[in-house]
Amino acid sequence: MNTSRVYNIIEALSRHEDAEQAIRVLNEIGTNSPIDEIRERTAQALIRRNTHESLRIALIEKGKGIHDLSTRVAMSAINEVLALSDKTEAIKILEDTMNLHSDESVRDTARSVRALVEFSR
């Protein structure tokens, strides 16, 4: 399957009306892809959905979204968070992660992204 078709599928899932199923597919397939560009587009799609469930994946789960091991993917996800017009849910999730997550590196990343969100306002 060529890259543009994959990107179109990711974009369609980001807009699909069955949010639960779309987020499930993006999480199971897109965020676990060995290809950085697919993980990047998937993180962007999850963040653009701007729902609790989609943001939870991109902002909390280790190895995904802002916690991806690829700097390119992580920075792209952070930029997508900064571009949200309504950051209310993202801020709430970041604050909960800072205070409650068991992994120190996840808490530190959430703290850093939260600071960037504050500075971008």
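Nothing here was measured: the structure is a model prediction, and the numbers come from that model.

### A word on the confidence of the model for the protein chain
Within the protein chain, residue pLDDT values average 95, and 99% of them lie at 70 or more. The least confident element of the protein chain, judged by mean pLDDT, is helix H1 (residues 3–15) at 91; the most confident is helix H5 (residues 71–83) at 98.

### Notes on the nonpolar core
Counting 28 residues, the largest nonpolar core has Ile47, Leu55, Leu59, Ile66 and Leu94 as the members making the most contacts within it. Only H1, helix H2 (19–30), helix H3 (36–49), helix H4 (52–60), H5, helix H6 (88–100) and helix H7 (104–120) provide two or more residues apiece to this core. Look past the residues within four positions of Ile47 in its chain and what remains in contact with it is Leu55, Ala58, Ala77, Glu80, Val81 and Leu84.

### Looking at the layout of surface pockets
Within this model, the largest pocket holds a volume of roughly 180 Å³. Surrounding the largest pocket, twelve residues form its lining, Val6, Ile10, Ile29, Gly30 and Ile38 being those nearest its centre. Contributions of two or more residues to the lining of the largest pocket are made by H1, H2 and H3. Split into classes, the residues belonging to the lining of the largest pocket amount to nine nonpolar, three polar and no charged.

### With respect to the packing of H1 against H2
For the pair H1 and H2, interaxial distance at closest approach is 8 Å and the crossing angle is 145°. When the axes of H1 and H2 are compared, the crossing they make is left-handed. Touching Ile10, Leu13 and Ser14 of H1 are Ala22, Val25 and Leu26, all from H2. Residues that form the contact of H1 with H2 fall into these classes: five nonpolar, one polar and no charged.

### Quick notes on unusual backbone geometry
When glycine is set aside, most residues are seen to have a negative phi, and most peptide bonds are trans. One non-glycine residue, Asn50, adopts positive backbone phi at about 55°. Among the structural elements, Asn50 can be located in the loop between H3 and H4.

### Thoughts on the environment of Gly30
Counting through the fold element by element, Gly30 comes out in helix H2. Among the residues examined, Gly30 registers a relative accessible area of 6% and is labelled buried. Distance from Gly30 to Val6, taken between C-alpha atoms, is 9.6 Å for residues 24 residues apart in sequence. Among all residues touching Gly30, those that are not within four sequence positions of it are Val25, Ile38, Arg39 and Thr42.

### A short note on the packing of H5 against H7
Between H5 and H7, whose axes approach to 10 Å, the crossing angle comes to 40°. Overall, the two elements H5 and H7 adopt an arrangement that is oblique. In this structure, H5 crosses over H7, and the sense of that crossing is right-handed. Contacts between H5 and H7 involve Ile78, Val81 and Leu82 on the former and, on the latter, Val113, Leu116, Val117 and Ser120. Among the residues forming the contact of H5 with H7, the class breakdown is six nonpolar, one polar and no charged.

The rules behind each value
- Residues numbered from 1 in each chain as written.
- Predicted model: local features only at pLDDT ≥ 70, side-chain atom pairs only at ≥ 80, totals over all residues.
- Heavy atoms only, no water.
- pLDDT = per-residue confidence, 0-100.
- Helix = DSSP H or I, 4+ residues; strand = E, 2+ residues; numbered from the N terminus.
- Core = buried A, V, L, I, M, F, W, Y, C linked by side-chain atoms within 4.5 Å.
- Buried < 20%, exposed > 50% of the residue type's maximum accessible area, 1.4 Å probe, protein only.
- Contact = heavy atoms within 4.5 Å.
- 1 Å grid on protein atoms, 1.4 Å probe; cavity = no way out; pocket = protein on both sides within 12 Å on 5 of 7 lines; lining within 4 Å.
- Points joined across faces, edges and corners; volume = space filled by probe spheres on them.
- Nonpolar A, V, L, I, M, F, W, Y, C, P; charged D, E, K, R; others polar.
- Axes fitted to C-alpha atoms, helices over the stretch in contact; angles between N-to-C directions.
- Left-handed = near helix turned anticlockwise from the far one by under 90°.
- Parallel < 35°, antiparallel > 145°, perpendicular 65-115°, else oblique.

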